[in-house]
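Single-letter residue listing:
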Amino acid sequence: MGSEVARAKARAATAWTDAVQSSYKNMMPHIKAKYTFRLWSRSVEEDFISQWVNEDRHSDGGWDWAEIARRHREVKDKVVALYVNERLSALSLIKMSSSRVLVRFLEGDPRPDCHIKGSRALLMLDLAATYGQRLGRKEIHLQPLNGDLAELYRSKFGFVDGTDGSGEPVLKRGLS
């Protein structure tokens, strides 16, 4: 059993590294700001606390990211931070199942002067889709949903309404 777990971890790590590099390449023509993705760590948590906690966060966000990171430690699950320079610009949970990649709790920088406002979802969705493709998943799902953002995801990113395996509403799109 130990060797199977080690192989799964190695596959997930390779898929993650490949996905990050491919996403940078995919988005380079579209995003002019220099940005990086980082996995949740003590330094990301410190930036979250110092940069976001005391800001007026959207009512559909405001999640406890430290708790989300603590609860989601599966091999293929990632709490991802998007940075422009040293500024935390977005956080998201990317989870894998046997058939899909799920983007949960996508939250953008609450400060109004974010350098990549309007591009944060695009960057996180491209990364999640690319990671899902690397692990052979067929669909990308988004949850939870906010009415205004759901319409944006439908019109701009090609998502459609659906449900997950437990009947919860999601937006979904195929991965090719």
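How each quantity is defined
Residues numbered from 1 in each chain as written. Predicted model: local features only at pLDDT ≥ 70, side-chain atom pairs only at ≥ 80, totals over all residues. Heavy atoms only, no water. Helix = DSSP H or I, 4+ residues; strand = E, 2+ residues; numbered from the N terminus. Buried < 20%, exposed > 50% of the residue type's maximum accessible area, 1.4 Å probe, protein only. Lys, Arg positive; Asp, Glu negative; His and termini not counted. Salt bridge = Lys/Arg side-chain N within 4 Å of Asp/Glu carboxyl O. Contact = heavy atoms within 4.5 Å. Phe/Tyr/Trp six-rings, centres within 6.5 Å; stacked < 30°, edge-to-face > 60°. Lys NZ or Arg CZ within 6 Å of the ring centre and 35° of its normal. Expected span 1.5 Å × (residues − 1). 1 Å grid on protein atoms, 1.4 Å probe; cavity = no way out; pocket = protein on both sides within 12 Å on 5 of 7 lines; lining within 4 Å. Points joined across faces, edges and corners; volume = space filled by probe spheres on them. Nonpolar A, V, L, I, M, F, W, Y, C, P; charged D, E, K, R; others polar. Pairing = 2+ DSSP bridges. Axes fitted to C-alpha atoms, helices over the stretch in contact; angles between N-to-C directions.

### Overview of the side chain of lysine 78
At step 1: Mapped onto the secondary structure, lysine 78 falls in strand S2 (residues 78–84).
At step 2: Buried charge without a partner: lysine 78 forms no salt bridge, and the closest opposite charge is aspartate 77, 8.2 Å away.
At step 3: Beyond its immediate sequence surroundings of up to four residues, lysine 78 is in contact with Trp16, Leu39, Ser92, Leu93, Ile94 and Tyr131.

### Re the packing of aromatic side chains
At step 1: Counted under the stated rule, the structure contains eleven aromatic pairs.
At step 2: On the basis of an interplanar angle of 70 degrees and a centroid distance of 5.1 Å, the ring pair of tryptophan 63 and phenylalanine 105 is categorised as edge-to-face. Taken together, the positions of tryptophan 63 in the loop between helix H2 (42–51) and helix H3 (65–71) and phenylalanine 105 in strand S4 (residues 100–108) put the pair 42 residues apart, joining distant regions of the chain.
At step 3: Residues tyrosine 153 and phenylalanine 159 carry aromatic rings whose centres are separated by 6.2 Å and whose planes lie at 65 degrees to one another, so their mutual orientation is edge-to-face.
At step 4: On the basis of relative accessible area, phenylalanine 159 is assigned to the buried category, the value being 2%.
At step 5: Here the aromatic residues Tyr24, Tyr35 and Phe37 are joined through ring pairs into a cluster of three or more.
At step 6: Above the plane of the ring of tyrosine 83 lies arginine 38, whose end atom (NZ or CZ) is 3.7 Å from the centre.

### Considerations on helix H1 (residues 2–27)
At step 1: With 26 residues, H1 ought to run about 38 Å at 1.5 Å a step, and its terminal C-alpha atoms sit 37 Å apart, in line with that.
At step 2: Residues Ala12, Ala15, Trp16, Ala19, Val20, Ser22, Ser23 and Met27 constitute the buried set of H1.
At step 3: Each element contacted by the buried residues of H1 is listed here: strand S1 (35–39), S2, strand S3 (87–96) and helix H4 (120–134).

### What to know about the layout of surface pockets
At step 1: As a volume, the largest pocket reaches approximately 730 Å³.
At step 2: The wall of the largest pocket is formed by 33 residues, among which Leu106, Glu107, Gly108, Arg120 and Leu149 lie closest to the centre.
At step 3: If you list the elements that add at least two residues to the lining of the largest pocket, you get S4, H4, strand S5 (139–143) and helix H5 (147–157).
At step 4: By volume, the second largest pocket is sized at about 190 Å³.
At step 5: Residue lining of the second largest pocket: Leu39, Trp40, Ala69, His72, Arg73, Asp77, Lys78 and Val79, and that is the complete set.
At step 6: Here the lining of the second largest pocket is composed, by residue class, of four nonpolar, one polar and three charged.

### A word on the sheet that holds S5
At step 1: The strand order across the open sheet built from seven strands is S1-S2-S3-S4-S5-S7-S6, with neighbouring strands paired in mixed fashion. Among the strands making up the open sheet, the edge pair consists of S1 and strand S6 (160–163). Direction aside, neighbouring strands of the sheet carry axes that sit 35 degrees apart on average.
At step 2: Two elements, S2 and S3, share seven bridges in a ladder whose sense is antiparallel. When the bridges of S3 are listed, lysine 78 appears paired with isoleucine 94.

This is a description of form; function is not addressed.
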